[in-house]
Protein chains: 4
Amino acid sequence: MTGLRVGVIGTGMIGREHIRRLSTVQAGVSVVAVTDVDAALAARVAAGLGAVTHPDGLDLIASPRVDAVVVCSWGGTHEEYVLAAIAAGKPVFCEKPLATSPQAALRIVAAEARHGGRLVQVGYMRRYDAAYRALKKVLDSGVIGAPLMMHCAHRNAGVPGFYEPEYTITETAVHEIDMVRWMFGSEIVAVRVLRPRVSRHAGELPDPLLLVLELANDVLVDVEISVNVRYGYDIRGEILGEDGTVALGEPGLVAVRRDGRVASPVPGDWRDRFGAAYDVELREWAVSAAGGVPDGPGAWDGYAAAAVSDAAVRALRTGERVTVTLAERPRPGDERARA
Amino acid sequence: MTGLRVGVIGTGMIGREHIRRLSTVQAGVSVVAVTDVDAALAARVAAGLGAVTHPDGLDLIASPRVDAVVVCSWGGTHEEYVLAAIAAGKPVFCEKPLATSPQAALRIVAAEARHGGRLVQVGYMRRYDAAYRALKKVLDSGVIGAPLMMHCAHRNAGVPGFYEPEYTITETAVHEIDMVRWMFGSEIVAVRVLRPRVSRHAGELPDPLLLVLELANDVLVDVEISVNVRYGYDIRGEILGEDGTVALGEPGLVAVRRDGRVASPVPGDWRDRFGAAYDVELREWAVSAAGGVPDGPGAWDGYAAAAVSDAAVRALRTGERVTVTLAERPRPGDERARA
Amino acid sequence: MTGLRVGVIGTGMIGREHIRRLSTVQAGVSVVAVTDVDAALAARVAAGLGAVTHPDGLDLIASPRVDAVVVCSWGGTHEEYVLAAIAAGKPVFCEKPLATSPQAALRIVAAEARHGGRLVQVGYMRRYDAAYRALKKVLDSGVIGAPLMMHCAHRNAGVPGFYEPEYTITETAVHEIDMVRWMFGSEIVAVRVLRPRVSRHAGELPDPLLLVLELANDVLVDVEISVNVRYGYDIRGEILGEDGTVALGEPGLVAVRRDGRVASPVPGDWRDRFGAAYDVELREWAVSAAGGVPDGPGAWDGYAAAAVSDAAVRALRTGERVTVTLAERPRPGDERARA
Amino acid sequence: MTGLRVGVIGTGMIGREHIRRLSTVQAGVSVVAVTDVDAALAARVAAGLGAVTHPDGLDLIASPRVDAVVVCSWGGTHEEYVLAAIAAGKPVFCEKPLATSPQAALRIVAAEARHGGRLVQVGYMRRYDAAYRALKKVLDSGVIGAPLMMHCAHRNAGVPGFYEPEYTITETAVHEIDMVRWMFGSEIVAVRVLRPRVSRHAGELPDPLLLVLELANDVLVDVEISVNVRYGYDIRGEILGEDGTVALGEPGLVAVRRDGRVASPVPGDWRDRFGAAYDVELREWAVSAAGGVPDGPGAWDGYAAAAVSDAAVRALRTGERVTVTLAERPRPGDERARA
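In this numbering scheme, every chain counts its residues from 1 along its sequence in written order. Throughout, the order in which chains and ligands are written sets their labels, letters from A for the former and numbers from 1 for the latter. Given that the model is predicted, a residue must reach a pLDDT of at least 70 before its local features are reported, and side-chain atom pairs must reach 80 or more before they are shown or counted; all residues, however, enter totals for whole chains, interfaces and linings. Values shown for side chains rest on all heavy atoms present in the structure; no hydrogens or waters enter the calculation.

Asks: Would you mind going over the overall build of chain A with me for this structure?
Replies: Elements are defined by DSSP. Helices are runs of H or I of four residues or more, strands are runs of E of two residues or more, and each kind is numbered from the N terminus. Helix and strand counts for chain A stand at 10 helices and 15 strands. Each radius of gyration reported is based on C-alpha atoms, and the globular scaling rule is 2.2 Å times the count of residues to the power 0.38. The C-alpha radius of gyration computed for chain A amounts to 20 Å, which stays within 12% of the reference 20 Å derived for 339 residues, consistent with globular compactness. Projecting the C-alpha coordinates of chain A onto the three principal axes gives extents of approximately 60 × 55 × 45 Å. Only protein chains enter the calculation, and the probe is 1.4 Å; a residue is then buried if its accessible area is under 20% of its type maximum, exposed if over 50%, and partly exposed in between. Relative to its 339 residues, chain A shows a buried fraction of 63%. When contacts within chain A are restricted to residue pairs at least 6 apart in sequence, long-range pairs at least 24 apart make up 71% of them. Shrake-Rupley sampling with a 1.4 Å probe provides the accessible areas, and residues are treated as covered by the protein chains on show and by no other component. Accessible area for chain A stands at about 12,400 Å²; split by element, carbon and sulfur atoms hold 52% of it. By definition, residues are in contact when any of their heavy atoms lie within 4.5 Å.

Laid out in structure tokens, this is it:
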């Protein structure tokens, strides 16, 4: 792979993680430019890299020294930066969410369609996780027959103080929303959100929840969302097919026998569980950005996730089953997209 | 334990299984009398046991040589026999269902209440299963905190040809309905039944299903019901508590490594999975029938299961959330019950 | 099964356990006579059963009211009682060891051979354990090919104060010695005992140990013996075959997720682990004693176990590889056995 | 990390794997020079990298454009190249074995000691495997108490046609030999090799084997070596401590339920099982080579592994217990080492 010069917008926690990964997962990639609303922070990060700083994201995107862009800034800024990258014809990796509303995400979809080729990748890392990939491989092999249902659980040990009630959908369940669409190759057409007894650790949050997702192909998916389980970070999934099932395995690097029990560690947080998936995600993105088109989750996936999240938030508020109606998907070169 | 002379009504498959168990799980128990609509069958079974036959269940119940009664006849006959046993003051073990309608079950509840003490046990064997008991013990210990949700799956490899669509509820899900009430010590107050994509093995059956049960204490339970999974008989359950979870373990007597896989056997049917639970169930019933009051699932449990099943059948038909309203529970010696 | 009247010699802990089992695992069996060196204890046990007491084991064996005998007295008395039972032509279940020396065991073998039919069963309960039976079934099916090696571990949480250094072999490893002979249908021809670092919990005991058993069919078996592991009672085994392996599964009735771990309980002692095996053992013995010949571990198995234990004790003392030479096995009616 | 210019000696299968890894695990590392006895192969590999070729390893080592050396050539050449790298003061990563005899390895130890600082790393990748690291972390935490024994199994699905009988030790068991020394921080002082029944898949190989390793701290380690198990590549290990045990977990990315079984995949070969460990190994080596001293397995470890392998080969041939006597370990700047 020839060298890829990456500019990173946003040098907060996630931005710095991605910079570290870009420097360790793939030879030939270099982060040459950074920017952040906190200019002093950006300067410190740049100094450690031998990179330059830019006054803002648009300036960074415009730089001829930047081949590809990583957007890790605050969600409200994503649309502007991704549109600018598309306008500049540069590959852009945008952390989730692609945009803060389905409408905004759809504008990105349309812009990329007008451009005529894939430039956008959204940061849904589960598609790069070895266990989810193995799950999908078994499903696609046909060995368990046609899929009928999927049971999921998404459990966080805890969440930070700024976590809002609707983040249970937009920050947490959104990973399952994207995963399910990818796993089954079918859009989500309706959402229910059921509210069990509330955990004493929940504070003001609706925690736990049970999401029920209906897919266009009639597969039914239930997802437990729990964000204060205390015991660890635990991601579970089992697909029921006509002839069998396939489930995510139990990690368990080691098993300790002591005090009447045999015990294996549960991941502590998403870094433990998905660290390797982030590595693969950025490696594959960098390779594709250097030489071809991204084949990871794209603008349409970001739009669909936003539309389903939107419906799920309404379902959470109202207690009703909410249907999801997606816009028509434009194709590259499609006249409607150009309109 | 002093000898207990048992009469068995119904010598079909289940009846003969129970006769065998009564002869092997507990010394001092003897099956002294049997009856069946197929008199020739009853005669053959009686001959093998050195027991007598009776022309019908009421005659058997009335016999002074019968101390306690086991009812394994067709469900439509249960009410009459159980009421007769109560009238005779004899302990009676009745295979599920206790009766064919909530109203009929309630008549039994009232009769037993007028009698003034426990005589009736209903055949919900999961309460005697070592794994479910261990689950309940962990829950009751408080180690996982207050319960919030439970995820269940009930999978049959296949079902016989006479299996009707509503049996998914009344014959299959009813085990989870009773288990959940016992596990959480709380009544089920509402039921939903969601219909995923239908398995190609389903024939005319609504298979699989997702039941959602709401409990009075706000615990939410989801239950996958699949009756044609082909791969085996698989019963799963995980309780989410505020501080952790507890799940039924994976049996797996042995693990075989061959051909690129490590594999453990899954039970083939309910005999494999719950054989030992049936043993314990009948042993504990026989001990209590010989000397004390039954403490297993009783008439009220049979009534509540019937009422929830009834609601679930309506939910299955209508697609709606159906609430469950139970009658007031009589207490022994209660004037209302005597009315 | 017609009624079997059992006499029990020795009403210590094991004796009372067996009496309890004989009263609960099989209808039609009754313990009608007991005896113990502690006459007062025997009287109390007899009173609870409605049984009679005898002044000693020989008197009990001679009683015409006793159909079959269970020997649970001190090991030094086993030979005399078992020989007496053979002389009386009565089925006898003898707790391990069959006798205190290979020579004594061989006298029993010869006596039974002269009698001309199986009367003796020795209390090796592993042959009745569902997991070991499943292991053997897989092995015998040929699915893993011809056996080459087996790895075992036998771990006790702790041992009582009277446990002697050589009990590591004669009381503990002897279970693996019998199991291996049964599993592979081949005699053990040589033994090594290696001594690792000693546990600080070992006191005066050689703990842990590694036994290496060589079989006549060239299968090699290693057995870890640890009798102070503290964490529980843990029995492990994996057979390596030419085409795969089969291992005892991990029990794990439930899995608890809490405090960063997913944990399953380990059995606390042999009752937890082998309780059901003892039930099956006594049930099958009682059935065979009532109507046929025992097919469980017999006198020859007791002799072979004694001979291998003897060799292993020498190997433990000397650090050398010790070969095992068995006497020629008599056949019922064989003249040599009659000599 | 500033750029590290690596020269690779040997562009066979392993060499090309390492080149690929050096290009993907760490930004800033570049392979700038290669050489191979097959000059045409070296030229093709160099062309793909934009690297130069050298006529031989010594020429490559001498190049001022090469900062650090990776030796993947035939084992018989390792000593010469490693000594040359030490003489040039360049960090060198040498694939196992470090040399073809303990004496040769000791010459490298002495040369490095004279040099006065660590330059050599040997390719024992297990020290970089997440599961082995977790095992060691638990052991070192003291939670299972002082170690007493370890049980290992090393199983290959099959081996290539050129695999020699002694490779069971020198190519296969040598990984456990190094791992054990690292795990327990203690040297191996004696070795036994026991020969079970031979697999029908073994051809001329002594397969399987049971190695028994005695450590200076009295820990006893048994290692099953099987190189034709067919079913997959399976690496197992359990450490028995005074208060508990710790074992390598079962991988199992997914669990498939079908046809009466729940099954998880077993790795197919060492790439599946240790691919990530190789990544970490080369990443950590590159980082240390660029800026500091290697802290991975060094020349002494290569020597000790060679000495134990040598003893094990003798034990394999003779059937005897063979003791291992290591030379005195020189320290950097030690006068004896300089002699």
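Asks: Honestly, the relation of the copies chain B and chain D in this entry has me stumped. Any pointers?
Replies: When the copies are overlaid, the least-squares fit takes in C-alpha atoms only where the residue has pLDDT of at least 70 in both copies. When chain B is brought onto chain D, the operation consists of a screw motion whose angular component is 180° and whose axial shift is 0.0 Å, with 0.0 Å RMSD remaining. Expressed as an axis order, the relation between the two copies is that of a two-fold axis. Considering only C-alpha atoms, the residue of chain B closest to the rotation axis is Ala263 of chain B, which sits at 2.0 Å. The share of interface residues of chain B whose copies in chain D are also at the interface is 100%, consistent with both copies meeting through the same surface.

Asks: How do you make sense of the side chain of His18 of chain A when you look at a structure like this?
Replies: Within the element layout of this structure, His18 of chain A appears in helix 1 (residues 13-22). Contact partners of His18 of chain A, with chain neighbours within four places excluded, come to Val70, Cys72, Phe93, Glu95, Tyr278 and Leu282 of chain A.

Asks: Could you clarify how one ought to interpret the packing of aromatic side chains in this entry?
Replies: Any aromatic ring pair is given by two values, namely how distant the centres are and how the planes are angled relative to each other. Two aromatic rings from Phe, Tyr or Trp, using only the six-membered ring of Trp, form a pair when their centres are within 6.5 Å; if the ring planes differ by under 30 degrees the pair is stacked, by over 60 it is edge-to-face, and anything between is tilted. Inspection of every chain in the model, using the stated rule, returns 20 aromatic pairs over all chains. Summarising the aromatic geometry, the rings of Trp300 of chain C and Tyr303 of chain C are spaced 5.0 Å apart at their centres and angled 55° between planes, so their arrangement reads as tilted. Residue Trp300 of chain C and its partner Tyr303 of chain C are located together in helix 9 (residues 299-318), separated by three residues, close to a single helical turn. Residue Trp300 of chain C shares its accessibility class with Tyr303 of chain C, and that shared class is buried. For a lysine, the NZ atom is tested; for an arginine, the CZ atom; a charge sits over a ring if that atom is within 6 Å of the ring centre and within 35 degrees of the ring normal. Residue placement shows Arg273 of chain A over the ring face of Phe274 of chain A; its charged tip is 4.4 Å from the ring centre.

Asks: I would appreciate a short explanation of the domain arrangement of chain A in the present structure.
Replies: One frequently used descriptor of interface size is the decrease in accessible area upon assembly of the parts. Residues and elements named next belong to chain A. Its domain assignment divides chain A into domain 1 (4-126 + 277-298) and domain 2 (143-269 + 308-322). Here the C-alpha centre of domain 2 lies 28 Å away from the C-alpha centre of domain 1. Counting the surface lost from both domain 1 and domain 2, the interface buries some 770 Å², and carbon and sulfur atoms represent 55% of this. Salt-bridge detection follows one rule: a side-chain nitrogen of Lys or Arg within 4 Å of a carboxyl oxygen of Asp or Glu. Put simply, domain 1 and domain 2 have two salt bridges between them. Where each domain begins and ends is defined by an automated method or by a domain database. When two parts are put together, the accessible area they lose, computed with a 1.4 Å probe and summed over both, is reported as buried area.

Asks: Help me understand the interface of chain B and chain D, please; the structure alone is not making it clear to me.
Replies: Contact with chain B, which involves 15 residues of that partner, is made by 15 residues of chain D. Summed over the three residues of chain B that lose the most area to chain D, namely Tyr231, Arg257 and Gly260 of chain B, the buried surface amounts to 47% of that side. On the surface where chain B and chain D come into contact, there are four salt bridges. Between Arg257 of chain B and Glu250 of chain D there is a salt bridge; the shortest N-O distance is 3.0 Å. N or O atoms within 3.5 Å of each other form a polar contact, as long as, within protein, one can give a hydrogen and the other can take it, and as long as residues adjacent in sequence are counted only when both atoms are side-chain atoms. Counting across the interface, chain B meets chain D through 10 residue pairs in polar contact (both at pLDDT 80 or more). Contributions of two or more residues to the side of chain B that touches chain D are made by strand 11 (234-241), strand 13 (254-258) and strand 14 (261-265) of chain B. Among the elements that line the side of chain B that touches chain D, the one with the most residues is strand 14 of chain B, at five residues. When residue character is reported, Ala, Val, Leu, Ile, Met, Phe, Trp, Tyr, Cys and Pro are called nonpolar, Asp, Glu, Lys and Arg charged, and the others, Gly included, polar. Taken together, the residues of the side of chain B that touches chain D sort by class into five nonpolar, two polar and eight charged. As paired elements, strand 14 of chain B and strand 14 (residues 261-265) of chain D share five bridges and run antiparallel to each other. Residue Pro265 of chain B lies in a different strand from strand 14 of chain D, and its bridge partner there is Arg261 of chain D. In this analysis, strands are considered paired if DSSP registers two or more bridges between them.

Asks: What is the right way to read the packing of helix 5 (residues 102-115) of chain A against helix 9 (residues 299-318) of chain A from this model?
Replies: The relative placement of two packed helices is expressed as an angle between their axes plus a distance between the axes. Residues and elements named next belong to chain A. Angles shown run from 0 to 180 degrees and are taken between the N-to-C directions of axes, each axis being a line fitted to C-alpha atoms and, for helices, limited to the stretch in contact. With their axes 8 Å apart at the nearest point, helix 5 and helix 9 run at an angle of 165° to one another. The angle between helix 5 and helix 9 falls in the class roughly antiparallel. The chirality of how helix 5 crosses helix 9 is left-handed. Residues Pro102, Ala105, Leu106, Ile108, Val109 and Glu112 of helix 5 touch helix 9, and the partners they reach there are Ala299, Trp300, Gly302, Tyr303, Ala306, Ala307 and Asp310. Here the angle decides the label: under 35 degrees means roughly parallel, over 145 means roughly antiparallel, 65 to 115 means roughly perpendicular, and every other value means oblique. Should the near helix be turned anticlockwise from the far one by less than a right angle, the crossing is termed left-handed; should it be turned clockwise, right-handed.

Asks: I'm lost on the pattern of salt bridges in this one. Help?
Replies: Pairs can form between side chains of opposite charge once their charged atoms are near each other. Residue and element names in this part refer to chain C. All chains considered together, the criterion is met by 128 salt bridges over all chains. For the salt bridge of Arg127 with Asp178, the shortest nitrogen-to-oxygen distance reads 2.7 Å. With Arg127 in the loop between strand 6 (120-122) and helix 6 (130-141) and Asp178 in helix 7 (residues 167-184), this residue pair connects regions lying 51 residues apart in the sequence. For the pair Arg127 and Asp178, one class covers both residues: buried.

Asks: What is the right way to look at helix 8 (residues 270-291) of chain D in this model?
Replies: Along an α-helix, residues three or four apart share an orientation, since each turn contains 3.6 residues. An expected span of 1.5 Å times one less than the residue number is assigned to each helix. The end-to-end C-alpha distance of helix 8 of chain D is 30 Å, a good match for the 32 Å that 22 residues give at a rise of 1.5 Å each. Its side-chain oxygen placed 3.0 Å from the backbone nitrogen of Arg271 of chain D, Asp269 of chain D serves as the N-cap of helix 8 of chain D.

Asks: How should I be thinking about the sheet that holds strand 4 (residues 68-71) of chain C in this particular structure?
Replies: The strands making up a sheet associate through backbone hydrogen bonding, with each pair oriented either parallel or antiparallel. Residues and elements named next belong to chain C. If you trace the six strands from one edge of the open sheet to the other, you get 3-2-1-4-5-6, paired in parallel fashion. On the outer flanks of this sheet lie strand 3 (52-53) and strand 6, each paired with one strand and no other. Pairing between strand 4 and strand 5 (residues 92-94): three bridges, direction parallel. Bridge pairing links Val70 to Phe93 in strand 5.

Asks: Please explain helix 6 (residues 130-141) of chain D as it appears in this structure.
Replies: End to end, helix 6 of chain D covers 16 Å across 12 residues, agreeing with the expected 16 Å (1.5 Å per residue, within 8%). Burial in helix 6 of chain D covers these residues: Ala131, Tyr132, Ala134, Leu135, Lys136, Val138 and Leu139 of chain D. Where helix 6 of chain D is buried, its residues meet strand 13 (254-258) of chain A together with strand 7 (147-155), helix 7 (167-184), strand 11 (234-241), strand 12 (245-248) and helix 8 of chain D. Two to three positions downstream of the cap, the backbone nitrogen of Ala131 of chain D sits 3.2 Å from a side-chain oxygen, assigning the N-cap of helix 6 of chain D to Asp129 of chain D. Phi turns positive, to about 85°, at Gly142 of chain D, one or two residues after helix 6 of chain D.

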